[in-house]
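Listed below are the residues making up each chain.
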Amino acid sequence: MGPHPAVAAIRLAVRRVLHDVLTDVQRTDAQRADLWRPEAQRSPERVPARPSHPHPPREQATTPLVLVACSGGADSMALASALAFEAPKLGIRAGGVTVDHGLQDGSDLRAAEVVSRLTALGLEPIESVAVDVGRDGGPEAAARDARYGALDAVAERHGAAAILLGHTRDDQAETVLLGLARGSGIRSLSGMAAVSGGPGADRRYRRPFLHIDRQTARKACMVQSLPVWDDPHNTDPAYTRSRLRHEGLPALEKALGKGVVEALARTAQLSRDDADALDHWAAQAEASVRDAAGLLECAKLYALPPAVRRRIVRRAAIEAGAPAGALFARHLEEVDRLITGWRGQGAINLPGKVVAQRQGGRLVIRQGC
């Protein structure tokens with residue numbers, strides 16, 4: 001008899017992601033090896049323009065390491081158990097990391113318990129990292145920034161090929177609704193990517209469970225007798241996501257019927273496909289709207305579709321120093337009016353002390369005083 005259907009589902013999801021990680025590692029190793037061949041023997045199609053790792057090829061004795069980020073909750077414990085089961089069969093080392101945000105009494109003891117549980121699963125190495133959570137962007141955003149900073153540092157320290165995150169289809173649906181509430185455009189509606197990156201590693205984070213519901217992960221833990229911890233913050237109405245989870249989504253399902261979560265997750269994928277295509281279009285169009293000095297020409301920007309134009313403006317603002325997470329649709333709309341509704345208005349102040357203004361038919365975006 002095979003494993004319980006819930007266990008089989010999470011293992012299959014992890015197995016697929018691990019195969020993808022191996023493919024990426026093999027491709028990277030081939031590129032590194034190519035760089036160290038004599039120039040005449042290199043394969044141009046495999047040589048990156050600016051190699052991020054200009055080192056000799058790794059020895060075969062070094063096997064890839066994949067880490068699981070684990071809070072001790074049902075989603076991440078199910079993920080950790082599946083990684084521990086699947087990784088050895090593919091010749092992958094499996095480790096874990098838990099982040100102590102220090103936001104609750106006894107959080108250090110909770111982190112120690114998670115380390116003990118990961119050890120019992122056979123994961124190695126395992127790290128517990130304590131972080132200081134700031135205040136920028138609100139408590140949830142600040143905790144997220146601190147957590148990803150810690151995960152990036154652990155990945156760099158151990159040379160991990162990937163970090164697995166336990167976000168489920170339910171988390172994806174919540175993220176789409178939060179993006180909708182902010183009115184931040186199609187990119188917010190695209191939710192979380194199945195593959196995303198950290199500094200210098202654009203494919204570091206993998207989310208195997210985006211097509212698996214939260215209940216399946218919890219069931220997998222139950223049938224495997226895996227102890228789980230239910231974070232009280234997840235039921236605290238002081239947090240926006242908690243209110244959405246326990247009040248907003250149930251109200252939507254009551255009004256619209258079952259299937260809301262699945263529909264929102266599907267919307268995320270469709271929105272991501274559209275957003276990626278528009279980003280590609282904007283990247284190609286940007287050079288054509290700059291003058292010889294590299295300044296953006298308002299007349300040429302005006303001729304572009306609004307979705308493409310605003311992406312170019314957003315990228316210019318970020319390059320000037322505006323934090324991407326603080327740059328909202330309302331900011332871009334104000335800057336866009338300098339292009340499409342010019343009436344002699346003054347400079348627009350953007351996050352990060354960035355200023356946008358129109359000068360001589362050019363859109364100038366720079367650091368202010």
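This is a predicted model, so every value here is computed, not measured.

**Considering the pattern of salt bridges**
Right, on to step 1. Taken as a whole and assessed by the stated rule, the structure comprises 28 salt bridges.
Right, on to step 2. Notably, a salt bridge pairs Glu 297 with Lys 300, separated by 3.2 Å at the nearest N-O pair.
Right, on to step 3. By relative accessible area, which is 15% here, Glu 297 ends up buried.
Right, on to step 4. Given the relative accessible area of 39%, Lys 300 is considered partly exposed.
Right, on to step 5. The closest approach of N and O atoms between Arg 310 and Asp 336, which form a salt bridge, is 3.3 Å.

**Brief notes about the side chain of Thr 175**
Right, on to step 1. Locating Thr 175 in the fold gives a position in helix α5 (residues 169-182).
Right, on to step 2. For Thr 175, a relative accessible area of 13% translates into the label buried.
Right, on to step 3. Separated by 2.9 Å, the side chain of Thr 175 and the backbone oxygen of Asp 171 make a polar contact.
Right, on to step 4. Of the polar contacts made by the side chain of Thr 175, one reaches the side chain of Arg 241; its length is 3.1 Å.
Right, on to step 5. Every residue in contact with Thr 175, bar those within four places of it in the chain, is listed here: Ser 188, Gly 191, Met 192 and Arg 241.

**Observations regarding the nonpolar core**
Right, on to step 1. Membership of the largest hydrophobic core comes to 36 residues, with the highest contact counts inside it found for Val 66, Leu 83, Leu 123 and Phe 209.
Right, on to step 2. Top contributing element to this core by residue count: helix α1 (residues 5-35), with 10 residues.
Right, on to step 3. Look past the residues within four positions of Leu 83 in its chain and what remains in contact with it is Val 14, Leu 18, Val 66, Leu 67, Val 68, Pro 88, Ala 94, Gly 95 and Leu 164.
Right, on to step 4. Membership of the second largest hydrophobic core comes to 25 residues, among which are Leu 296, Leu 304, Ala 320 and Leu 332.

**Considerations on the packing of helix α2 (residues 74-86) against helix α7 (residues 214-223)**
Right, on to step 1. Axis separation between α2 and α7 bottoms out at 8 Å; the angle between their running directions is 60 degrees. Considering their axes alone, α2 and α7 lie oblique with respect to each other. In this structure, α2 crosses over α7, and the sense of that crossing is left-handed. Contacts from Ala 74, Asp 75, Met 77 and Ala 78 in α2 reach Arg 214, Ala 217, Arg 218, Ala 220 and Cys 221 in α7.
Right, on to step 2. Tallied by class, residues from the contact of α2 with α7 come to six nonpolar, no polar and three charged.

**Quick look at the packing of aromatic side chains**
Right, on to step 1. Considering all chains together, one arrives at one aromatic pair under this definition.
Right, on to step 2. Arranged with centres 5.1 Å apart and planes meeting at 90 degrees, the rings of Tyr 148 and Tyr 205 form a pair that is edge-to-face. Here the residue Tyr 148 occupies a position in helix α4 (residues 139-158), and Tyr 205 occupies one in strand β6 (residues 201-206), the gap between them amounting to 57 residues.
Right, on to step 3. Given a relative accessible area of 18%, Tyr 148 falls into the buried group.
Right, on to step 4. A residue is classified by how much of its surface remains accessible, and Tyr 205, at 2% relative accessible area, is buried.
Right, on to step 5. Positioned above the aromatic ring of Phe 85 is the side chain of Arg 11, whose terminal nitrogen or guanidinium carbon lies 3.6 Å from the ring centre.

**What to know about helix α3 (residues 107-120)**
Right, on to step 1. Taking 1.5 Å as the rise per residue, α3 with 14 residues should run 20 Å; its terminal C-alpha atoms sit 20 Å apart, in good agreement.
Right, on to step 2. Within the span of α3, buried status applies to Ser 107, Ala 111, Val 114, Arg 117 and Leu 118. Summarising the axial view, the buried residues of α3 lie within an arc of 120 degrees, below the 170-degree limit, and thus occupy one face. The outward face of α3, more than 90 degrees from its buried face, is lined by the exposed residues Leu 109 and Ala 120.
Right, on to step 3. Residues of α3 that are buried sit in contact with α2, β2 (93-100) and β3 (126-130).

**What to know about unusual backbone geometry**
Right, on to step 1. A cis amide bond links Glu 124 to the next residue, Pro 125, at an omega of 5 degrees.
Right, on to step 2. Within the secondary structure, Pro 125 sits in the loop between α3 and β3.
Right, on to step 3. At Ser 225, a position not held by glycine, the phi torsion is positive, near 55 degrees.
Right, on to step 4. Checked against the element boundaries, Ser 225 lands in the loop between α7 and α8 (240-256).
Right, on to step 5. Under the relative-accessibility criterion, Ser 225 is labelled exposed at 62%.
Right, on to step 6. Despite not being glycine, Lys 353 has its phi angle at roughly 60 degrees, a positive value.
Right, on to step 7. Structurally, Lys 353 is set in the loop between β8 (348-350) and β9 (354-359).
Right, on to step 8. Overall, Lys 353 belongs to the exposed group, its relative accessible area being 62%.

**Quick look at the pairing of β9**
Right, on to step 1. Note: β8 against β9, three bridges, orientation antiparallel. Each residue of the ladder has a partner; that of Asn 349, found in β9, is Val 355.
Right, on to step 2. Hairpin remark: β8 followed by β9, antiparallel, with three residues in the connecting loop; positive phi at Gly 352, about 75 degrees.
Right, on to step 3. Sheet analysis places β9 next to strand β10 (residues 362-367), joined by six bridges and oriented antiparallel. Bridged to Gln 359 within β10 is Arg 362.

**As for the environment of Ala 87**
Right, on to step 1. By the element assignment, Ala 87 lies in the loop between α2 and β2.
Right, on to step 2. Given the relative accessible area of 0%, Ala 87 is considered buried.
Right, on to step 3. Other than its neighbours up to four places away in sequence, Ala 87 contacts Leu 18, Ile 92 and Ala 94.

Parameters at a glance
Residues numbered from 1 in each chain as written. Predicted model: local features only at pLDDT ≥ 70, side-chain atom pairs only at ≥ 80, totals over all residues. Heavy atoms only, no water. Salt bridge = Lys/Arg side-chain N within 4 Å of Asp/Glu carboxyl O. Buried < 20%, exposed > 50% of the residue type's maximum accessible area, 1.4 Å probe, protein only. Helix = DSSP H or I, 4+ residues; strand = E, 2+ residues; numbered from the N terminus. Polar contact = N/O pair within 3.5 Å; in protein donor to acceptor, adjacent residues only side chain to side chain. Contact = heavy atoms within 4.5 Å. Core = buried A, V, L, I, M, F, W, Y, C linked by side-chain atoms within 4.5 Å. Axes fitted to C-alpha atoms, helices over the stretch in contact; angles between N-to-C directions. Parallel < 35°, antiparallel > 145°, perpendicular 65-115°, else oblique. Left-handed = near helix turned anticlockwise from the far one by under 90°. Nonpolar A, V, L, I, M, F, W, Y, C, P; charged D, E, K, R; others polar. Phe/Tyr/Trp six-rings, centres within 6.5 Å; stacked < 30°, edge-to-face > 60°. Lys NZ or Arg CZ within 6 Å of the ring centre and 35° of its normal. Expected span 1.5 Å × (residues − 1). Arc of directions from axis to C-beta. Pairing = 2+ DSSP bridges.

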